Amino acid sequence: MIRHQQALRNAARRYATAAAGSGPQARAAVPNYGLFNQRLDKARSTILENKPLTLAQKILYAHLHDVDSMTSAPVPGESYLKLSPDRVAMQDASAQMAILQFMLSGMKQTAVPTSIHCDHLVEAYEGADLDVARSWQTSREIYEFLQAASQKYGIAFWRPGSGIIHQLVLENYAAPGTLMLGTDSHTPNAGGLGMLAIGVGGADAVDAMAAIPWELKAPRVLGVHLRGSLHPWGSPKDVILALAGKLSVRGGTGYIVEYFGDGVQSLSCTGMATICNMGAEVGATTSVFPYTPSMARYLSATKRTAIADAANAQQAGYLSADAQVAANPAKYYDEVVEIDLDTLEPGYNGPFTPDLHTPRSKMAETVKAEGWNDKVSAALIGSCTNSSYQDLSRAASLARQASARGLKVAEGTEFLVSPGSEQIRATMERDGIQEAFEGIGAKVLANACGPCIGQWNRDENPVVKNRETNSIVSSFNRNFRARNDGNPNTMNFLTSPEMVLGAALSGRLSFNPLADQLVDAQGQSFKLEPPTGDELPASGYAQGRDEYLPLLEHQPDTQIPISAKSARLQTLEAFAAWDGKEFANTRVLVTVQGKCTTDHISAAGKWLKYKGHLENLARNTLIGAANAALDGRVNEVRNAVAGLQPAQGTIPDVAMAYKRAGVPWLVVADYNYGEGSAREHAAMQPRFLGCNMVVARSFARIHETNLKKQGVLPLVFARPDEDYFIFAKDPHELVVRTQGVVGLSAQSPAVRLIVDRVRDGQTVETYEIDCTHTMSADQIAWFKAGSALNLIAAQQQA
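*Asks:* Help me out: how do you make sense of the pattern of salt bridges in this one?
*Replies:* When the charged atoms of two side chains lie near each other, side chains of opposite charge can form a pair. This structure, assessed with the given rule, holds 36 salt bridges. Close ionic contact of Asp207 with Lys709 constitutes a salt bridge, the shortest N to O distance being 2.3 Å. Of this pair, Asp207 sits in helix H7 (residues 202-209) while Lys709 is found in helix H24 (residues 701-709), placing the two residues 502 residues apart along the sequence. Judged by relative accessible area, Lys709 falls into the buried class, the value being 1%. In this structure, the salt-bridge partner of Arg719 is Glu722, at a minimum N-O distance of 3.0 Å. The partly exposed category is assigned to Arg719, whose relative accessible area is 42%. The partly exposed category is assigned to Glu722, whose relative accessible area is 47%.

Dropping the structure here:
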């Protein structure tokens, strides 16, 4: 352990030396492809024994922290890789907790280039500039905190209104063959530019920022073979909608999705980014495309010609899978999925889950069969998934057709457009795209996430006020219940921007623009012609307003403002270290039934304002979870401890009662627990309230890692289809102790739960339940220290 800590301190000094004086960046520098190839060649010639590699494997192995210390090739799904990321990007909601943790690390400057993007705290209401101005009124304290931290630690700071994190990363920081961590689950968007971009929690980002090698379980690689080219109504969004339908929300867990085949060459860079962005919805670690001419064109269009020139020289080597892989993909990919772009039709995914796929041609009959509300109350284009120039120009071509016939959006349908960045907004305005949208009745919102993440003030709309069942159609990436407007009866159907336009004009979910007709202002029926648009603006991108350029000041003496009276920011106190004993007298707070995303565990929407204040945010812990023991009732549990109040109440109220009484507790969860966003608050809040374990049938990757980072032990049932149900019956009677926490080992993943059912003070039944963990040696060190941050702080002080 002493040698390990010394190695980490040496690494920190090496990273700090390399980063010193570099300061915040407006755009990425040219990647050091010479270093990447050197590392990769060393790995090939030693542990990899010169075997052919996929693109994803090349980028991973080129970022191994210390290949000399490895004695064998990583085993996918078993081994852990220690990696050296090139960059970190954070959005304003997750950056708050990441910065609060980084402040405790003892570092004077981030070890790798880092950026903060203010996109989550702008609420969509009146539109564009008015909404940005209001966000400064409501969130000034947060923005000033993040700006001061950026200045102190040498972080590029992008103000509210500048754009959505993933679009700004694509425009400025993504570079082929590099490795980035982002504190948002849709970070893989940059895979459209050949970058391995991985969504993580804030504590993982702090690892990279503090020069600690980042640990990732070696992923498998799922190859998606694209053949042919999209038809005129087809969109890159249709590729990922169809793939999600094939794989489900957990079918990609433990995989990197790598696209290959002749169909790749037909796609634009921003189209490939759309596909990678929504790869998060199948649970994939990330998604990536090989380097293509469209990427070179995009780099040049965004003033990064030097990166394009350097990447062009690597296209046949480092930035593509080896020739043997292309010749025999079934041999080298762990799984292969075939998608024929020639026959792929537009589709809708939803409601309430991003993997329920319905082809456009089947939508009308499915709407009728399922009893979905055919009337579209809102149509929304934009978000980080579909706000590129190509997306908007193609949708605008349909809007112009409607305008030419005097047609506007259907009565009772709201049409909202969210540009991805100030650069996109300014170009959209210059080229008449905004005028085309507004001409049919659109409201253009701020360059921010807005309705996609629940920042949508729709409270006065009757469908929300009265909790009415209603349908919305969006080009977003996620559609969990109540996510967008707080109404659990709003059904969000995910589709392409082109299909959103059809829904906006017709006002119907069942409308098929490929076959159905609209009625113009003169009462004449007509059919929309297929959309057209440009991959890139012919006149180049407009810069936009200067106030939305990044702040690039590095002032190490900057004081970071946190008021002791603040309701939105709170300095962190270290979690207690493990006491070295088996867990005992642990109560079951709740047995979660069915889907439980990070939205259910730590809601967004109105709670976003508390992202920097753990104590206040903890009041929303698991409020969306359904209790298997109470017939699926949401946010309601029985208190397991006699005399404690409330005897039956909300999940956070009972958890707080346990915390005050010093009673440890655990959560029992269903499959894919913690799917969805990368928010680490979903791990920090239970830890803050006294949770010591989460026992699940299975976990989503990011959330399982976040639990480990915060010192919570994640366990998986050895017999998930049997033992889960023991906890579904009167879990308030169960008292849990462990065997195997003492002596926890990466080589021996078994932990046993001894579960007593206690009634009237007497044990009436005892169960022995076998579980497994996936903790590496380093992760066990986090657990023993109380959290990964505790370990980092101790190492900095040593």
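Having seen the model, we can carry on.
*Asks:* Please explain the state of the cysteines as it appears in this structure.
*Replies:* Two cysteines whose sulfur atoms are joined by a covalent bond form what is called a disulfide. Per the stated rule, a full pass over the model turns up 0 disulfides. Cysteine Cys384 remains unbridged, with the sulfur of Cys452 as its closest cysteine sulfur at 5.6 Å. With relative accessibility at 10%, the residue Cys384 sits in the buried group.

*Asks:* Explanation requested: unusual backbone geometry in the structure shown.
*Replies:* Where the residue is not glycine, phi is negative for most of them; where a peptide bond is considered, it is trans in most cases. Backbone torsion omega between Gly350 and Pro351 reads 5 degrees, so that peptide bond is classified as cis. Mapped onto the elements, Pro351 comes out in the loop between strand E12 (347-349) and strand E13 (357-359). Along the chain, Gln645 connects to Pro646 via a cis peptide bond; the corresponding omega equals 0 degrees. Tracing the backbone shows Pro646 in the loop between strand E24 (637-638) and strand E25 (648-649). One non-glycine residue, Ala482, lies in the positive phi region at around 70 degrees. Unlike most non-glycine residues, Asp730 shows phi in positive territory, near 45 degrees. Looking at the element boundaries, Asp730 is found in the loop between helix H25 (720-723) and strand E29 (734-739).

*Asks:* Help me out: how do you make sense of the layout of surface pockets in this one?
*Replies:* Over the atoms rolls a probe the size of a water molecule, and in doing so it shows where empty space is left. In this structure, the largest pocket occupies an estimated 1300 Å³ of space. Those elements that provide at least two residues to the lining of the largest pocket are helix H5 (128-153) and helix H20 (598-601). A per-element tally of the lining of the largest pocket places H5 first, with 5 residues. Classifying every residue of the lining of the largest pocket by side-chain character gives 14 nonpolar, 14 polar and 13 charged.

*Asks:* I keep staring at the nonpolar core and nothing clicks. Help me out?
*Replies:* Nonpolar side chains in soluble globular proteins tend to be buried together. Ranked by size, the top nonpolar core spans 221 residues in total, and within it Tyr259, Phe415 and Phe437 carry the most contacts. Setting aside chain neighbours within four positions, we find Phe437 in contact with Leu392, Ala395, Ala396, Ala399, Phe415, Val417, Met428, Ala442 and Leu501. Core analysis: the next-biggest nonpolar cluster, separate from the first, contains 28 residues, Val668, Leu713, Phe717 and Tyr724 among them.

*Asks:* Got a minute to help me understand empty space enclosed by the protein in this structure?
*Replies:* Evaluation of the coordinates by the stated rule reveals 12 cavities of 30 Å³ or more. What lines the largest cavity is a set of 25 residues, and nearest its centre among them are Gln91, His120, Asp184, Ile453 and Arg483. When its volume is computed, the second largest cavity comes out at roughly 190 Å³. Lining the second largest cavity are 19 residues, with Ala280, Gly283, Ala284, Gly676 and Ile702 positioned closest to its centre. Sort the elements by how many residues they give to the lining of the second largest cavity and H24 lands first, with 3 residues.

*Asks:* Is there a simple way to think about the packing of aromatic side chains in this case?
*Replies:* According to the stated counting rule, one finds 17 aromatic pairs in the structure shown. Aromatic pair Trp136 and Tyr143: ring centres 4.9 Å apart, planes at 65 degrees, arrangement edge-to-face. With a relative accessible area of 0%, Tyr143 lands in the buried category. Relative to Phe725, the ring of Tyr724 lies with its centre 5.1 Å away and its plane at 85 degrees, an arrangement referred to as edge-to-face. Given the relative accessible area of 3%, Tyr724 is considered buried. Here the aromatic residues Tyr33, Phe36 and Tyr318 are joined through ring pairs into a cluster of three or more. Directly above the aromatic system of Tyr348 lies the positively charged group of Arg360, at a separation of 4.8 Å from the ring centroid.

*Asks:* Whenever I open this one, the pairing of strand E31 (residues 762-772) confuses me. Can you help?
*Replies:* Remark: a regular strand shows side chains that alternate across the two faces of the sheet. In this sheet, E31 lies alongside strand E28 (residues 713-717) in antiparallel orientation, the contact comprising 2 bridges. Bridge pairing in E31 links Val716 to Thr772. Where strand E30 (residues 750-759) meets E31, 10 bridges bridge the pair, whose relative direction is antiparallel. Its bridge partner lying in E31, Arg757 is registered against Glu765.

*Asks:* What is the right way to read the side chain of Asn672 from this model?
*Replies:* Relative to the helices and strands, Asn672 is located in the loop between strand E26 (665-669) and helix H23 (681-688). Leaving out residues up to four positions away in the same chain, Asn672 has contacts with Val249, Arg250, Thr253, Cys596, Ser698, Phe699 and Ala700.

*Asks:* Would you mind showing me how to read the sheet that holds strand E21 (residues 586-591) here?
*Replies:* Through backbone hydrogen bonds, the strands of a sheet pair up, either in parallel or in antiparallel fashion. Judged by pairing direction, the barrel is mixed, and its 7 strands sit side by side in the order E21-E26-E27-E28-E31-E30-E29 before closing back on the first. Ignoring strand direction, the axes of neighbouring strands in this sheet form an average angle of 40 degrees. Pairing of strand E27 (residues 691-696) with E28, which is carried by 4 bridges, proceeds in the parallel orientation. Within E28, the position partnered with Val694 by the bridge is Pro714. Helix-sheet contacts for helix H22 (residues 651-661) involve E21 and E26, and the interaxial angle to E21 is about 175 degrees.

*Asks:* Looking at this structure, I do not really get the environment of Thr302. What am I missing?
*Replies:* Among the secondary structure elements, Thr302 is positioned in the loop between helix H10 (293-301) and helix H11 (305-312). With 16 residues separating them along the chain, Thr302 and Thr286 place their C-alpha atoms 24 Å apart. Once you skip the residues sitting within four places of it in the chain, Thr302 turns out to touch Arg27, Glu171, Gln423 and Tyr541. Here the side chain of Thr302 touches Tyr298 through a polar contact of 2.8 Å, landing on its backbone oxygen.

*Asks:* What's the story with the pairing of strand E2 (residues 87-91) in this structure? I'm lost.
*Replies:* Where burial is concerned, most of E2 is hidden: 5 out of the 5 residues are buried. Sheet topology note: the E2/strand E5 (residues 179-182) ladder contains 3 bridges and is parallel. Its bridge partner being in E5, Ala89 is matched across the sheet by Gly182. In this sheet, strand E3 (residues 114-117) lies alongside E2 in parallel orientation, the contact comprising 4 bridges. Across the sheet, Ala89 pairs through a bridge with Ser115, a residue of E3. At this point the chain moves from E2, through helix H4 (residues 92-102), to the parallel E3, and the crossover so formed is right-handed.

*Asks:* Help me understand the side chain of Thr366 in this model?
*Replies:* For Thr366, the position within the fold is in helix H14 (residues 363-370). Reaching out from Thr366, the side chain makes a polar contact with the backbone oxygen of Lys362 at a distance of 2.7 Å. In this structure, Thr366 is in contact with Thr358 and Trp372, ignoring residues within four places of it in sequence.

*Asks:* Quick question: what am I supposed to make of the sheet that holds strand E4 (residues 156-158) here?
*Replies:* An order of E4-E3-E2-E5-E6 is seen for the 5 strands of this open sheet, with the pairing classed as parallel. The sheet is open, and its two edges are formed by E4 and strand E6 (196-199), each paired on a single side. For this sheet the average axis-to-axis angle between neighbouring strands, irrespective of direction, equals 20 degrees. Inspection of the sheet shows E3 paired to E4 by 3 bridges, in the parallel sense. Paired with Ser115 across the bridge in E4 is Ala156. The sheet strands contacting H4 are E2 and E3, and the helix crosses E2 at an angle near 115 degrees.

Quick notes on the rules
- Residues numbered from 1 in each chain as written.
- Predicted model: local features only at pLDDT ≥ 70, side-chain atom pairs only at ≥ 80, totals over all residues.
- Heavy atoms only, no water.
- Salt bridge = Lys/Arg side-chain N within 4 Å of Asp/Glu carboxyl O.
- Helix = DSSP H or I, 4+ residues; strand = E, 2+ residues; numbered from the N terminus.
- Buried < 20%, exposed > 50% of the residue type's maximum accessible area, 1.4 Å probe, protein only.
- Disulfide = S-S within 2.5 Å.
- 1 Å grid on protein atoms, 1.4 Å probe; cavity = no way out; pocket = protein on both sides within 12 Å on 5 of 7 lines; lining within 4 Å.
- Points joined across faces, edges and corners; volume = space filled by probe spheres on them.
- Nonpolar A, V, L, I, M, F, W, Y, C, P; charged D, E, K, R; others polar.
- Core = buried A, V, L, I, M, F, W, Y, C linked by side-chain atoms within 4.5 Å.
- Contact = heavy atoms within 4.5 Å.
- Phe/Tyr/Trp six-rings, centres within 6.5 Å; stacked < 30°, edge-to-face > 60°.
- Lys NZ or Arg CZ within 6 Å of the ring centre and 35° of its normal.
- Pairing = 2+ DSSP bridges.
- Axes fitted to C-alpha atoms, helices over the stretch in contact; angles between N-to-C directions.
- Polar contact = N/O pair within 3.5 Å; in protein donor to acceptor, adjacent residues only side chain to side chain.
- Right-handed = clockwise from strand over helix to strand, strands pointing away.

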